[in-house]
Amino acid sequence: MRLICKWSGVVGVVILNLGFILSQSFNMKYKDGSSIELQGDAPVTVSIVPDHWRSSALIYAGQYKIANDQRVGCVYNRTDRSKVTLLRDTAALPATDITTVDEYKLKDDKNKEGKSTYQCKAENSYGTSLSNIISYNIFKLEKLEEKATVTDAYLESTVAMKCPIEDKDNMLYFTWQSRGEISVLTNDDKTSVDDEGTLYIRDIGDTYFDTNYYCLVMSNLRSGSTAGTPDLKLRMKQNINQIAKPDVLPTPVNPIFFDGQPNAISIEVSEGDYKLRMTCPFTTPIERADQIEWKKDGNVMKFTETAAGLSAEMDGVEFSLIGKLTLTTNKPITMNVQGNYECTLKSVDAPKRVYTIVVKAPPLFKKVYDHVVGIGETLEFSCELEEVQYGSPSSVKLLVNGEPPNLSSRYAFSESATKVTITLTGAVESVDTKIFQCESTNTEGTTVVDFFILVRNYPPQVIGENIRERGAIAGSTVQLKCPIFGAPAVTFEWFQGDLRLGSKAIITNGESFTILTSEENRHVSLLQVSNIVKASHAGFYTCRGSNGEKNRPASVYIDLQIVDKIQIMKFDNMTVMYGKTLQIQCQVSYDKLTKKEDFSIQLKKVIDGGGEKVIDKSLFKVNYNSADNTATLTYSVTSARTDHSGEYLCVFDSEDLNNGSASATVSVLKIPPTPTGLQATKSSGSFYRIAWNSITDREFGNVEYIVFVSVQPSDNVGEQEGDTITTPPVLFLALKGGNTYRFKVKASNPVGESSFTAWSSPIAMGDAVPTNPNNLVVAGTKKDNMVIGWDPLPRESYGVQENILNTKVVADCGKPGVFFDIEWENKENDTHRGEKKCIDVTETSHTVTGLPTYTEFKVTLSTVNYKGRSKKATADGFSGEDIPSGTPNITKIEDHETNLNTVVVHYDEIKDEDINGKIDNLEYRCYYKNMNDSLIAEKFDTISEEEGGKALIRDLGGDIVYEFRMTAHNSKGEGPSSNITTFKTKGGPPGVVSNFRIHTLSGALAVTWRVPKFANGDITHYEVTYKCLRSECDQTGLPTERSGNYTVVDGVFEIVLRGLTPSTYYAVTIQAVNIYDGKIGYGEITNGTKQTGDFSGLLQSPSKPILISSFNGGLILGWENSTKSGGRVPEGHAIQFRKSDTDARRRRAAEDEWSTSEPVPMWHEEQQSMIEGLEAGADYDTRVTAYSKDENGRENTAAGEIATFKTGGTSEKRVSEEGGQTWFIALIIILVLLILIILIICLVRRNRGGKYPLMDRENKYRPNDAESYPLKDDAGAFQELEGRESQANGGPRPAFHGHGDSDDSLAEYGDEDPGKFNEDGSFIGQYGADRGNKPFNTFV
């Protein structure tokens, strides 16, 4: 196995991390880029860095030029049984010179110099692997100490100054500097430096004399090592006025090359070197670099301006111009640099200089690949040099494990100067496993490539994915790729659906196919769909490969589909400001089956004069968006320059699909400067010419100009600004009377605007007749009116200066000012004519009423001031519209001749006079209602007036009664409805079923659908068929079904097809069957394709339950279908539930007490389940279970995580507890109330009047005939008690006496404290007993 390790720099050794290659397996790579991992030990591989083969290190004369602090090392795959050795000059390096850090390095030894060769060798059980042989020249570069010299030269002569360095083999680059006024000397029209470091100066001026020059030598452009010479001085031989010139190197009249070199020069350069310069030093003064034309192999080189100067690209090589005369390479030299280069002057008859460049390089082999060969196969392989070589290699030698071959007689091999071929005449054996090398040497070095031959049997296995989707564009040619590895090599068979295409070269079966073997990989079979791809080619193709190893072959399944073309959706022209960020974007759209690997996108720039330059991929990025199948290329430049302007091409390329491109123009512009030379001059009449100097520089692009016009109705010239006008650099304006005008202008382009110029001188215009307002319009808003409108009249259009506007009287109006006059007339006849005069100038409309409906009028408007009347403005318009008054009656309804579910409604169109509006706005509406289903609302279709009394009503159900009616409609609304007509549509076969879906199950498919949109009769059942698309279904012994059909009664919309082959594509069809008009109708067939799942892995675990809602005694729970890859796909889900228990022991005991809801198939739209009959307000443990059936029909389940949810409502226990608490509280309240009532009663009874001693006292003073003095009278009222004194005196005593009237008062009673109460709260008992028999008055 050969690993090519590229050297990416010359300072230090690049450490390549190849990663661990396991000893149990290794990757086999092929020319087409594919690879496959094989079981077994890995062969050892080794390479050396910097790599001598196609490296970018600096090479000169076959030797590497590296500084003494650089490294060389080996890189190898890390196998435990590998031994790696670094050889220097064919001998192994001593351990003291080697440092091991996952690779070998040359020890840092700054004192070591000289030339050496290096090679890496690695060994393991398979043999020995060798790297290339590379050479190094390690040297020191020191500044040369020589005495300064002086060169004499004449004025206006040519002089050559040599760089005094002897060891030029180690020097790669020369440059000159001066210590005087000229800082750096480069190749231009005055100076030139050749490959030997000689400086030529032509037409020497006085500034070149008395100046010290310094020759600078670069040994390594990357490391910057330099050596310099002492100063060299140029001295003028005679004084500056001397005319005499030397005889050598005179300046001729005709252009020649002044460096004295021949016109044909041959240069040999080493691959990887930087040292390549080609100079065209003409005597004719060169003003611009494009005066010189360069060609490579006869093709003109197109140069473009970059940040580094002028550059061109030819054959993948970048070139630059140094100064105006020298061509050089920008990157290390490759074989593509080789060729013939020619330079000459474009405009004059001048000689040509031709450079023949020969690139020296070590031998280059065509890439070789490792081989895996089965036991018993034959073997032939070869290694061959590339055709483009330098020198003549001695030969191509064959080595085995790094040594000359010592092979058995079964091997035959031949060697030549360019190729070696090895043939094994007999059948290979396991002992033929070896590592081979091919070696070739020329003057530039030695190249070694090795390759591994592994003899071992492997069963067929697919390289990459075994199920693939492939898109093809109709009309193209496509190849289907089938990569199946096997040792011995596999035999391929191809199938298109069920049809076996065979294994021979060409098969014809109504179509043209070609079966090929890939030239890049013998393990890849190609089926080419020849001629033109069409729809019949779409479908499933199976490629089967077998080689006798094991019984079961390997198969690749390819779904070929017709796809859309790749196309560029967005690549717009753009303009960006100079110095700002430039971002060019190109958006490409592609089909969903197209992968980003199927096509590439690149950006090119069109070069002036022809040709294209490819933008390096490192400068842009491509983002792929799989959501909308677009790829966007973005090219960004931080600071845009004028050389970025131009035409760009966005190009996409696809090997199998279409190719295309689009162009866009990019303009990088600077903001224009302020215009100059603004002038306003009179042209003729009221017209003035406003002009300024135009801006024509290309860096500003197309410049427009914005003119600001200041208009004031007086002689006062203030700073008021008026309208802006965008215009070319000359503007003609008609100035209006009564105003003073001034102007200013600014320049504008797409990136910005300049500042304004100063105001122009004022221009005063005298009074004049006014101008009319703009946009005179006429339109009706009601059925009997007409509104005449116009734009407000600007003040500058009055034609009168401000100071006399209100003083000059308008004769027709009898007052000063400005006015409008309006006239109107019926265009059809002389009726409804009228006018309105002297309308104030501030008005913008006038309404005329009392007009006929939708009648056309001609309207004129004129403006009047004291100077006169303007020309009349004219406009036509209609009075207002009304809804149609006519009725489009239905005359006939019939079924369409060819289209089922379509009827034709014939109707009478209304008369023109009944439209009451614009004919263009007239529409007819046909209303229809399904009388078989009252839940379906009435619908209507809009029919344009152009359909001529006939309406096609589509998408009606067959065998259904409809009611139809018609109306006319215009912009004002809908007219009266026609008569209602009933019609029954004809029946027919049903249409396609709706919502047809196929769902993958393990060894099964679930098919779901809904009723057809058009039943066209009574649906009786559905017929479902399936068919295997895989050839393995034909094999005996498989317990699977290849095809079948089912009948599903109406009302059932799903079926599970079981017993199918796992991981296999099936075609499924379904059609509805109905009965109409006594016939059986078979509907349109709907078909689809789906792959069955396999039974491998465990059933996919479901998600946790998701609470959707809860209700009294129930829950509604949902879940998410699994999106994980791997494992068996479930057929459906159900909810398991049990009452939650916080006690862990009881919960474990109830593990088997789960109840299960009704299962929900996974193909149902609503993945949720409702559980009813639970205890209200209780917690329940829930989990989702997935179920499926295995290959034996047994049901498997998998339970998900548990989630706990509470049902809605209130639990009985809680109601019971809450009820008990309520009764207890009520009882307590009742008891408290009873106690309070008893207390109150007791208090009342205790405080009754009987408790006081009043009765006793009254009885004491009551007469003996107390009965004649009752306390109450006959009416029940209390009587007053009177003493004997009252009776004797013959009159009553008062019931109460105050202190001033009697001695009988409260103070007379025994208690001295009249405020003292007894324990009952009464003061009556406090009266003293010592009052004797004094009269007692009762106070009640």
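Residues numbered from 1 in each chain as written. Predicted model: local features only at pLDDT ≥ 70, side-chain atom pairs only at ≥ 80, totals over all residues. Heavy atoms only, no water.

### Focus on the overall build of the protein
The criterion, for reference: What counts as a helix is a DSSP run of H or I of at least four residues, what counts as a strand is a run of E of at least two, and both are numbered from the N terminus. Buried means the residue's accessible area, taken with a 1.4 Å probe over protein chains only, is under 20% of the maximum for its type, while exposed means over 50%, and partly exposed covers the values in between. In this description, accessible areas are obtained by the Shrake-Rupley approach with a 1.4 Å probe, and a residue is regarded as covered only by the protein chains that are shown.
Counting secondary structure elements, the protein contains four helices and 101 strands. The burial tally for the protein puts 44% of its 1340 residues in the buried class. If you sum the accessible surface of the protein, you get close to 69,400 Å²; carbon and sulfur atoms cover 48% of it.

### Describing the pattern of salt bridges
To be explicit about the condition: For this analysis, a salt bridge means a side-chain nitrogen from Lys or Arg found within 4 Å of a carboxyl oxygen belonging to Asp or Glu.
Tallying each qualifying case throughout the model produces 25 salt bridges. Residues Arg 869 and Asp 812 are paired through a salt bridge, measuring 3.2 Å at the closest nitrogen-oxygen approach. Here Asp 812 lies in the loop between strand S69 (809-810) and strand S70 (815-816) and Arg 869 lies in strand S75 (residues 868-869), a separation of 57 residues in the sequence. What makes Arg 869 partly exposed here is its relative accessible area of 33%. Asp 812 gets classed as exposed once you look at its relative accessible area, which sits at 58%. In this structure, Lys 837 and Glu 835 form a salt bridge, with 3.9 Å as the shortest nitrogen-oxygen distance.

### A short note on the sheet that holds strand S31 (residues 339-345)
What counts here: Pairs of strands are assigned from DSSP output, requiring at least two bridges between the strands.
Across the sheet, five strands lie side by side as S23-S32-S31-S25-S26; this open sheet has mixed pairing. With partners counted over all chains shown, the strands left at the sheet margins are strand S23 (264-270) and strand S26 (299-300), one partner each. Bridging between S31 and strand S32 (residues 353-360) involves five bridges; their strand directions are antiparallel. Its bridge partner lying in S32, Tyr 341 is registered against Tyr 355.

### Focus: the state of the cysteines
Filter applied, for reference: In plain terms, two cysteine sulfur atoms within 2.5 Å form what is called a disulfide here.
Summed over all chains, the structure comprises four disulfides. One disulfide bridge connects Cys 813 with Cys 838, the sulfur atoms lying 2.0 Å from each other. One disulfide, between Cys 813 and Cys 838, carries an S-S torsion of -100° and so falls in the left-handed class. Highlighted residues: Cys 813 in the loop between S69 and S70 and Cys 838 in strand S72 (residues 834-840), separated in sequence by 25 residues.

### Observations concerning the packing of aromatic side chains
Condition: Centres within 6.5 Å make a pair out of two Phe, Tyr or Trp rings, where for Trp the six-membered ring is used; the pair is then stacked when the planes are under 30 degrees apart, edge-to-face when over 60, and tilted otherwise.
For the structure shown, the criterion picks out 21 aromatic pairs. Centroid distance Tyr 927 to Phe 940: 5.1 Å. Interplanar angle 45°. Geometry classified as tilted. Of this pair, Tyr 927 sits in strand S79 (residues 923-930) while Phe 940 sits in strand S80 (residues 939-944), placing them 13 residues apart in sequence. Under the relative-accessibility criterion, Tyr 927 is labelled buried at 9%. Residue Phe 940 is classed as partly exposed on the basis of its relative accessible area, which comes to 36%.

### A short note on the nonpolar core
In plain terms, the rule: As used here, the term nonpolar core means buried Ala, Val, Leu, Ile, Met, Phe, Trp, Tyr and Cys residues forming a set that is joined through side-chain atoms within 4.5 Å. Only heavy atoms enter the contact rule, under which two residues are in contact if any of them lie within 4.5 Å.
Grouped together as the largest cluster of nonpolar side chains are 29 residues, with contacts concentrated most on Phe 571, Leu 603 and Tyr 635. Counting only elements with at least two residues in this core, the list comes to strand S52 (582-589), strand S53 (599-606), strand S56 (630-637), strand S57 (646-654) and strand S58 (660-669). Once you skip the residues sitting within four places of it in the chain, Tyr 635 turns out to touch Leu 582, Gln 583, Ile 584, Leu 603, Ile 615, Leu 619, Phe 620, His 644 and Tyr 648. Residues Val 269, Met 278, Ala 312 and Ala 361 belong to the second largest nonpolar core, which totals 27 residues.

### Some details on the side chain of Ser 654
Assignment of secondary structure puts Ser 654 in strand S57. By relative accessible area, Ser 654 is classed as buried at 5%. Apart from residues lying up to four places away in sequence, Ser 654 is in contact with Ile 566, Asp 598, Phe 599 and Asn 659.

### Structural notes on the sheet that holds S58
Through backbone hydrogen bonds, the strands of a sheet pair up, either in parallel or in antiparallel fashion. Spelled out, the test is: Interaxial angles span 0 to 180 degrees and are taken between N-to-C directions of axes, which are lines fitted to C-alpha atoms, for helices over the stretch in contact.
An order of S51-S58-S57-S53-S54 is seen for the five strands of this open sheet, with the pairing classed as mixed. Because the sheet does not close on itself, it has two edges, and the strands there are strand S51 (574-577) and strand S54 (612-614). Averaged over all pairs of adjacent strands, the angle between their axes in this sheet comes to 30°, without regard to strand direction. Examined bridge by bridge, S53 and S54 share three bridges and lie antiparallel to one another. Across the sheet, the residue bridging to Lys 605 is Lys 613, located in S54.

### Quick look at the confidence of the model for the protein
Operational definition: Scored between 0 and 100, pLDDT is the confidence that the predictor attaches to each residue.
With 70% of its residues at a pLDDT of 70 or more, the protein shows a mean pLDDT of 75. In this model, residues 1035-1040 is a region of pLDDT below 50 whose contacts with residues beyond four sequence positions or in other chains number six contacts.

### Some points on the pairing of strand S85 (residues 994-1001)
Two strands pair when backbone bridges link them, and S85 and strand S86 (residues 1004-1010) are joined in this way by six bridges, in the antiparallel orientation. Looking at S86, one finds that Arg 997 is bridged to Thr 1008. Remark: two residues form the turn of the hairpin made by S85 and S86, two consecutive strands paired antiparallel; Gly 1003 in that turn has positive phi of roughly 65°.

### Overview of the side chain of Thr 902
Examined against the element boundaries, Thr 902 turns out to sit in the loop between strand S77 (890-895) and strand S78 (903-907). In this structure, Thr 902 is in contact with Asp 895, His 896, Ile 953 and Arg 954, ignoring residues within four places of it in sequence.

### With respect to the environment of Tyr 118
Looking at the secondary structure, you find Tyr 118 in strand S11 (residues 114-124). Remark: the alpha-carbon pair of Tyr 118 and Ala 92, spanning 26 residues in sequence, is separated by 9.5 Å.

### Things to note about unusual backbone geometry
Here Ala 487 and Pro 488 are connected by a cis peptide whose omega angle stands at 0°. The residue Pro 488 is located in the loop between strand S42 (478-487) and strand S43 (491-496) in this model. In this structure, Asn 1016 is a non-glycine residue whose phi angle is positive, near 60°. The topology assignment puts Asn 1016 in the loop between S86 and strand S87 (1018-1028). Under the relative-accessibility criterion, Asn 1016 is labelled buried at 2%. Of note in the backbone geometry, Asp 1077 takes a positive phi value of approximately 50° without being a glycine.

### Focus: the environment of Phe 1137
Mapped onto the elements of the fold, Phe 1137 is located in strand S95 (residues 1132-1139). As for Phe 1137 and Asp 1181, which are separated by 44 residues in sequence, their C-alpha atoms are 5.5 Å apart. Beyond its immediate sequence surroundings of up to four residues, Phe 1137 is in contact with Glu 1153, Trp 1154, Ser 1155, Thr 1156, Ser 1157, Ile 1171, Leu 1174, Asp 1181 and Thr 1182.

### Structural notes on the environment of Thr 1064
Relative to the elements of secondary structure, Thr 1064 occurs in the loop between strand S89 (1054-1057) and strand S90 (1065-1076). For the pair Thr 1064 and Ala 1004, spaced 60 residues apart in sequence, the C-alpha to C-alpha distance is 9.8 Å.

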